[in-house]
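Close look at the chain arrangement
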Amino acid sequence: MIIGNKPVRPPQTSGTASTSARPATQPARNVVKDSFSAGTAATQRTAAVTAAPPGDHGKLMNDYLTGAIPPPADFEQVMGYKPFAIQTPHGQRMQDPLGYASVPGQIGPVKEFDKAAKTHDYGYDLLRYFEKKGTPLKPEARKAADKLFRNDMFDYANDQKGALNRFKYRAWAQIYATAVELNSVRQGHGPP
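Here we summarise the structure given alongside this text. (Residues numbered from 1 in each chain as written. Predicted model: local features only at pLDDT ≥ 70, side-chain atom pairs only at ≥ 80, totals over all residues. Heavy atoms only, no water.)

With respect to the overall build of the protein chain
Within the protein chain one finds six helices and two strands. Ordering the α and β elements of the protein chain from the N terminus gives α-α-α-β-β-α-α-α. Across the 192 residues of the protein chain, 35% fall into the buried class. Long-range pairs, those at least 24 residues apart, make up 65% of the contacts in the protein chain between residues at least 6 apart in sequence. For the protein chain, the computed accessible surface area is about 12100 Å², with 57% contributed by carbon and sulfur atoms. (Helix = DSSP H or I, 4+ residues; strand = E, 2+ residues; numbered from the N terminus. Buried < 20%, exposed > 50% of the residue type's maximum accessible area, 1.4 Å probe, protein only. Contact = heavy atoms within 4.5 Å. Areas by Shrake-Rupley, 256 points an atom, 1.4 Å probe, with all protein chains shown as cover.)

Written as structure tokens, this is what we have:
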């Protein structure tokens, strides 16, 4: 259930009156015309979108971070870098090539969680990007970026050989993920 959003189009009436009662010269409202050819893939059409689309912003963030949809068309111009894809044992991830694990004092296994951190940094840059474009993403987007960060770190930890190594990396994953999530709560799950 969506609460507080403006309707996308006027409600339909149940009577026989329809759009035919509208003057013929008035253009149809809320019609989006696809400027791509009929053979264009859905991901290519999505790439041209520069404003935050309506809908589930958590899923949108996850789709960006996993490469299911490409970065917005002008992302590189606005944010100063081009994200790149890597393949992990748990699926494709999009990365900020300039990203890193920003841990105070660089304590813990920062190198080991580097891939998760670079994907997470790209997610936060998407939040900043959409804010700069004047269409900030909903809090669900940041929650999704934080959740994928947590999952990626725990996947890394669980992939380790030996119970001691798994325990050690799980402990660090919990510490890092909790710190990130608490910071997100402190910032209202908006752009950092």
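Digging into the pattern of salt bridges
This model, assessed by the stated rule, comprises six salt bridges. For D152, the salt bridge identified is with R93, shortest N-O distance 2.9 Å. Taken as a pair, D152 in helix α5 (residues 139–158) and R93 in strand β2 (residues 91–95) lie far apart in primary sequence, 59 residues in all. Classification of D152 as buried rests on a relative accessible area of 12%. D125 is the partner of R128 in a salt bridge, and the nearest nitrogen-oxygen pair spans 2.5 Å. Residue R128 and its partner D125 are both found in helix α4 (residues 114–132); the two are separated by three residues, about one turn of the helix. Judged by relative accessible area, D125 falls into the buried class, the value being 9%. (Salt bridge = Lys/Arg side-chain N within 4 Å of Asp/Glu carboxyl O.)

A word on unusual backbone geometry
Despite not being glycine, H189 shows a phi value in the positive range, around 55 degrees. Here H189 is to be found in the segment after α6 (163–186). Accessibility expressed as a relative area gives 17% for H189, which makes it buried.

A short note on the environment of V110
Mapped onto the secondary structure, V110 falls in the loop between β2 and α4. For the pair V110 and Y176, spaced 66 residues apart in sequence, the C-alpha to C-alpha distance is 9.8 Å.

Topic: the packing of α4 against α5
Running from amino to carboxyl end, α4 crosses α5 at an angle of 175 degrees, the nearest separation of the two axes being 9 Å. For the element pair α4 / α5, the angle class is roughly antiparallel. Two secondary-structure elements touch here, α4 through A116, A117, T119, H120, G123, Y124 and L127 and α5 through A141, R142, A145, D146, L148, F149, D152 and M153. When its residues are assigned to classes, the contact of α4 with α5 shows nine nonpolar, three polar and three charged. (Axes fitted to C-alpha atoms, helices over the stretch in contact; angles between N-to-C directions. Parallel < 35°, antiparallel > 145°, perpendicular 65-115°, else oblique. Nonpolar A, V, L, I, M, F, W, Y, C, P; charged D, E, K, R; others polar.)

Quick look at the nonpolar core
Within soluble globular proteins, side chains that are nonpolar tend to cluster in buried spots. Formed by 34 residues in total, the largest nonpolar core has its most connected members in M61, Y122, L126 and M153. Mapped onto this core, the elements with two or more residues apiece are α2 (57–66), α3 (75–79), α4, α5 and α6. Residues within four places of Y122 in sequence aside, it is in contact with Y64, L65, P71, F75, Y81, P83, M94, Q95 and D96. (Core = buried A, V, L, I, M, F, W, Y, C linked by side-chain atoms within 4.5 Å.)

Let's talk about the packing of aromatic side chains
Applying the stated criterion to the full structure yields ten aromatic pairs. Aromatic pair F75 and Y81: ring centres 5.4 Å apart, planes at 90 degrees, arrangement edge-to-face. Residue classification places F75 among the buried positions, given a relative accessible area of 0%. For Y81, a relative accessible area of 7% puts it in the buried group. Judged by centre distance (5.5 Å) and plane angle (85 degrees), the rings of F75 and Y122 are edge-to-face. Of this pair, F75 sits in helix α3 while Y122 is found in helix α4, placing the two residues 47 residues apart along the sequence. A relative accessible area of 0% places Y122 in the buried class. Counting every residue linked through ring pairs, the aromatic cluster contains Y64, F75, Y81, Y122, Y129 and F130. (Phe/Tyr/Trp six-rings, centres within 6.5 Å; stacked < 30°, edge-to-face > 60°.)

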